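# Understanding the architecture of this molecule
Below are the chains, spelled out letter by letter.
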Amino acid sequence: MLTQCPTSDDTQCRHVNHSCAPAAKSSRLGLLRGSVLDGNHTVNWVTSGWKSTILVDNRAGANGAIASEYVARATPDGHTLMFGYVGTHAMNPALQKLAYDPAADFEPVGLVGSSSTLMVAHPDAGIPQVQQLIERLKTTPRSLSYASAGDGTPPHFAAELFQLSSGTSMASTTCEGAAPAIAETVQGRSQIMFPSLFTAYPFIRAAQLWALAVAGSKRLAALPDVPTLSELGVTGVDVVQWYGLFAPAGTPAAVVSHLNQALNEVLADPDVVRRFESQGALVEPGSPDALALRMKSDLARWREVVRQAGIAPKEQRQFALD
């Protein structure tokens, strides 16, 4: 069975009988949906080449923590996997104490892909350029609101870094996931968001959102005329959203290797590559060690960002204000 959840990114679960396990058993795969990649589409693409039967079981809550805890405590027999991402395995653990350890409680299976982060605005806000936004916020602090997918998610961290670097202050609207956060922005209730290109691209093409800048180190082929924040003088806002497949700690190495091979075979499929790229995401096949290194590096980076920027979960911020 595969497990999906609707959280700050929806995690879903699907039942899967894969060839490295006894056919009589089922397997669960926890998926985070609505952060960077839509979980329903992504799991279909990633498992399209697997000989498996998949059943989705939604498990929502706590920015992916509920799904993560569920998979972390599952029997490590190769039947329970998680589609995690930078939020569940680096940002959220860097921000706050959780009931799972992203390194100790999981066996990395392999990277799936990544998507850049954008700064977008609702057209009615009347801020087609970043400099105009900064000027407005410095004149009238907190006069604009940004939508967050939840504490410890990429849109939250990117917004915090932007405010820190630009010397501005925005109001915030915390949503239970990237899907409601982007809807909040498209409908104009919030004016700003930092979604992945994957999440924002359809709305940019439909002229429902303006792409103001790339929150990364370089411009994007899909949006070549959109500058990076660094080009505009706002440095240090570099947020890449990656996602990968994880198994519970203790899963046999032979099973992890088999799953990694199956995953990379699917990611080498030109049709899968095309589907990812058409939505602004990049396929990144690789070894379990490559995913482990990516997670370890990002966990250390975001812990340092949290320390330097003084970022705190909403409950702690509210306590400080009270």
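Being a predicted model, the structure only gives us computed values, none of them experimental.

## Points about the overall build of the chain
Helices and strands together make up the secondary structure of the chain, namely eleven helices and 13 strands. Going through the 322 residues of the chain one by one, you find that 55% of them count as buried. Counted over contacts in the chain with a minimum sequence separation of 6, partners at least 24 positions apart contribute 77%. Entry remark: accessible area of the chain is about 12900 Å², with carbon and sulfur atoms responsible for 51%.

## Observations concerning the environment of alanine 253
Here alanine 253 shows up in helix 8 (residues 253-267). Judged by relative accessible area, alanine 253 falls into the exposed class, the value being 63%. Linking alanine 253 and glutamate 107, residues 146 residues apart in sequence, is a C-alpha distance of 8.9 Å.

## A word on the nonpolar core
Met119, Leu133, Phe162, Ile192, Phe194, Leu229 and Trp302 are the most contacted members of the largest nonpolar core, which totals 66 residues. No other element matches the six residues that helix 10 (residues 288-309) contributes to this core. In this structure, phenylalanine 162 is in contact with Met119, Val130, Leu133, Ile134, Thr168, Met170, Phe194, Leu229, Val234 and Val237, ignoring residues within four places of it in sequence. If you look at the next biggest cluster of nonpolar residues, it comprises 17 residues, including Val186, Ala200, Tyr201 and Leu209.

## Looking at the sheet that holds strand 7 (residues 118-121)
Hydrogen bonds along the backbone pair up the strands of a sheet, which may run parallel or antiparallel. If you walk across this open sheet you meet the five strands as 9-8-10-7-11, and the pairing is mixed. Among the strands making up the open sheet, the edge pair consists of strand 9 (171-174) and strand 11 (210-214). Relative to the sheet, helix 4 (residues 130-139) contacts strand 7, strand 10 (192-193) and strand 11, its axis offset from that of strand 11 by approximately 90°. Against the sheet, helix 5 (residues 154-166) contacts strand 7, strand 8 (145-148) and strand 10, and its axis sits at roughly 150° relative to strand 8.

## Examining the pairing of strand 8
Here strand 8 shows a buried face lined by Ser145 and Ala147 and a second buried face lined by Tyr146 and Ser148. In terms of strand pairing, strand 8 meets strand 9 through four bridges, oriented parallel. Paired with serine 148 across the strands is threonine 174, a residue of strand 9. Between the parallel elements strand 8 and strand 9, the chain passes through helix 5 in a crossover that is right-handed. In this sheet, strand 10 lies alongside strand 8 in parallel orientation, the contact comprising two bridges. Pairing of alanine 147 across the sheet is with methionine 193, part of strand 10.

## A word on the pattern of salt bridges
Under the counting rule described, the total for this entry stands at six salt bridges. Between glutamate 231 and arginine 219 there is a salt bridge; the shortest N-O distance is 2.8 Å. Pair noted here: glutamate 231 is in the loop between strand 11 and strand 12 (240-248) and arginine 219 is in the loop between strand 11 and strand 12, with a separation of twelve residues, a long-range link. Judged by its relative accessible area of 38%, arginine 219 is partly exposed.

## Digging into the confidence of the model for the chain
On average, residues of the chain score 82 in pLDDT, and 78% of them reach the 70 mark or higher. Across residues 1-39, where pLDDT falls below 50, the model places 217 contacts with residues more than four positions away in sequence or in other chains. In this model residues 316-322 is a low-confidence stretch, pLDDT under 50, and it forms three contacts with partners more than four residues away in sequence or in other chains.

## Overview of the side chain of threonine 251
One can find threonine 251 in the loop between strand 12 and helix 8. Of note is the side chain of threonine 251, whose polar atom sits 2.7 Å from the backbone oxygen of proline 248. If we ignore the near neighbours within four places in the chain, the residues touching threonine 251 are Pro76, Gly78, Glu107 and Val256.

## Some remarks on the packing of aromatic side chains
Applying the stated criterion across every chain, the model contains five aromatic pairs. With a centroid separation of 5.2 Å and an interplanar angle of 80°, the aromatic rings of phenylalanine 157 and tryptophan 302 are classed as edge-to-face. You can see phenylalanine 157 sitting in helix 5 and its partner tryptophan 302 sitting in helix 10, a full 145 residues away along the chain. An identical accessibility class is assigned to phenylalanine 157 and tryptophan 302; each is buried. Measuring from centroid to centroid gives 5.9 Å for phenylalanine 162 and phenylalanine 194, while their planes differ by 45°, and the two rings are tilted. Note that phenylalanine 162 is positioned in helix 5 and phenylalanine 194 in the loop between strand 10 and helix 7 (197-205), a separation of 32 residues in sequence. Residues phenylalanine 162 and phenylalanine 194 agree in their burial class; the two are buried. An aromatic cluster of three or more residues is present, and its members are Tyr100, Phe106 and Phe246. The positively charged end of arginine 205 is found above the aromatic ring belonging to tyrosine 201, 4.4 Å away from the centroid. In this structure, arginine 301 packs its charged tip against the face of tryptophan 302, placed 4.2 Å from the ring centre.

What counts and what doesn't
- One numbering rule holds for all chains: residues counted from 1, following each sequence as written.
- At least 70 in pLDDT is required for a residue's local features to be given in this predicted model, at least 80 for side-chain atom pairs to be given and counted, and no such filter applies to totals for whole chains, interfaces and linings, which use all residues.
- For the side-chain quantities, the full set of heavy atoms in the structure was used; hydrogens and water were omitted.
- Only DSSP runs of H or I covering at least 4 residues are called helices, and only runs of E covering at least 2 are called strands; the numbering of each starts at the N terminus.
- Burial classification: accessible surface area is computed with a 1.4 Å probe over protein chains only, and a residue below 20% of its type maximum counts as buried, one above 50% as exposed, and the rest as partly exposed.
- Only heavy atoms matter for contacts: two residues are in contact if any of them lie within 4.5 Å across the pair.
- Areas reported as accessible are Shrake-Rupley estimates using a 1.4 Å probe. Residue values count occlusion only from the protein chains shown.
- Joining through side-chain atoms within 4.5 Å is the link that ties buried Ala, Val, Leu, Ile, Met, Phe, Trp, Tyr and Cys residues into a set, and such a set is a nonpolar core.
- When DSSP finds at least two bridges between two strands, those strands are taken to pair.
- To get an axis, fit a line to the C-alpha atoms, keeping to the stretch in contact for a helix; angles then go from 0 to 180 degrees between the N-to-C directions.
- Orienting the strands away from the viewer, one traces the path from the first strand over the helix to the second; a clockwise path indicates a right-handed crossover.
- Put simply, a salt bridge is a Lys or Arg side-chain nitrogen that is within 4 Å of an Asp or Glu carboxyl oxygen.
- Scored from 0 to 100, pLDDT reflects the predictor's confidence in each residue.
- In the analysis that follows, any N or O atom pair within 3.5 Å is treated as a polar contact, provided that within protein one partner can donate a hydrogen and the other can accept it, and provided that, for residues neighboring in sequence, both atoms belong to side chains.
- Ring geometry is summarised as follows: Phe, Tyr and Trp rings, the Trp one being its six-membered ring, pair when their centres sit within 6.5 Å, and such pairs are stacked at plane angles under 30 degrees, edge-to-face over 60 and tilted between the two.
- In this scheme, Lys NZ or Arg CZ marks a charge over a ring once it lies within 6 Å of the ring centre and within 35 degrees of the ring normal.

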